[in-house]
Amino acid sequence: MILLLGGTSDIGVELTRRLCAGQHVVVCARRPENIGDFPGAASVSTLAFDATDLHTHRNVIDEAERLAGEKTTTAILAFGVLGDQHRAETDETHAAHIATVDYTAQISMLTVLADHMDHGHIVAFSSIAGWRPRRANYVYGSTKAGLDAFCQGLADRLHGTGLGLYLARPGFVIGSMTEGMTPAIMSVRPHDVAEAVADRIRANQPGTFWIPKKLALLAAVMKLVPRPIWRHMPR
Ligand SMILES: NC(=O)c1ccc[n+]([C@@H]2O[C@H](COP(=O)([O-])OP(=O)(O)OC[C@H]3O[C@@H](n4cnc5c(N)ncnc54)[C@H](OP(=O)(O)O)[C@@H]3O)[C@@H](O)[C@H]2O)c1
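Notes on the structure follow. Because the structure is predicted, anything quoted here is derived from the model rather than measured.

Here Arg135 is to be found in the loop between strand 5 (120-125) and helix 5 (138-158). Take Arg135: its relative accessible area is 44%, and that puts it in the partly exposed class. Spatially, the C-alpha atom of Arg135 lies 23 Å from that of Gly175, the residues being 40 residues apart in sequence. Once residues lying within four places of it in the same chain are set aside, the contact partners of Arg135 are Gln85, Glu89 and Arg231.

Okay, here's the thing in structure tokens:
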């Protein structure tokens, strides 16, 4: 069964569509009435899911498996918010909300999944924003830095177990999350991210990977930029 958490995510939907042929799919979303089509899936079920309700995470998986009639073999953690950096600088509730969705809820769900699943694939999304957080988006960036660090350890823990962690590090993705923003260098689209992750899953090659691949070069350079210059980097 494919479990999509964050059922209206541009990237999550594109990825699930690439993997769903002949599979039972359970789509977990805040607005389950709004989910798209998954052509070729053996069945599609929906479940109401708010990632900030941490106490429900175990139940969500149990309920999803009851609906699908089988265990989870691929879990995709596609929920996330970019948030409003400007607002988060003075509104601690907003800053904490971003941290809850993009860090706390992710590590909670990853912990449950790693405990519950015995084989298959878990997909999580880091970001270039977490590689070296910038003044212009340090709230979101810090959550991705924390999530990325957590996933490095979890991937090592799962190594050789038959359960693989796929940690995607996309750059700027032109989609709903970045609507209205000027695309950054090496921008990609949700289908590019989905294709890169699907390729790794088909090849059964868990690990950490940049999307696009050439972003690794930019990432290496980013670490070398002196702080007085880095401070002025745009989003
Ligand atoms: N877009 C980018 O530039 C980019 C770059 C690097 C990494 N990423 C990461 O890739 C992942 C997928 O991003 P995307 O571009 O597909 O984003 P997206 O299209 O904006 O989708 C985000 C999803 O998260 C859901 N969500 C938000 N808060 C939630 C909550 N409290 N409980 C449950 N679901 C919640 C949204 O549901 P609603 O429809 O209900 O709001 C939506 O389904 C995210 O982790 C993101 O940080 C994105």
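Taken together, the neighbourhood of the ligand is formed by 28 residues, with Thr8, Ser9, Arg30, Arg31 and Tyr140 sitting nearest. Take Arg31: an N or O atom from its side chain is 2.4 Å from an oxygen atom of the ligand. Within the backbone of Ala51, a nitrogen or oxygen atom sits 2.8 Å from a nitrogen atom of the ligand. When the free accessible area of the ligand is taken as 900 Å², the share hidden by the protein chains comes to 92%. Tallied by class, the residues present in the shell around the ligand amount to 13 nonpolar, ten polar and five charged.

Analysis parameters
- Residues numbered from 1 in each chain as written.
- Predicted model: local features only at pLDDT ≥ 70, side-chain atom pairs only at ≥ 80, totals over all residues.
- Heavy atoms only, no water.
- Helix = DSSP H or I, 4+ residues; strand = E, 2+ residues; numbered from the N terminus.
- Buried < 20%, exposed > 50% of the residue type's maximum accessible area, 1.4 Å probe, protein only.
- Contact = heavy atoms within 4.5 Å.
- Near = heavy atom within 4 Å.
- Polar contact = N/O pair within 3.5 Å; in protein donor to acceptor, adjacent residues only side chain to side chain.
- Areas by Shrake-Rupley, 256 points an atom, 1.4 Å probe, with all protein chains shown as cover.
- Nonpolar A, V, L, I, M, F, W, Y, C, P; charged D, E, K, R; others polar.

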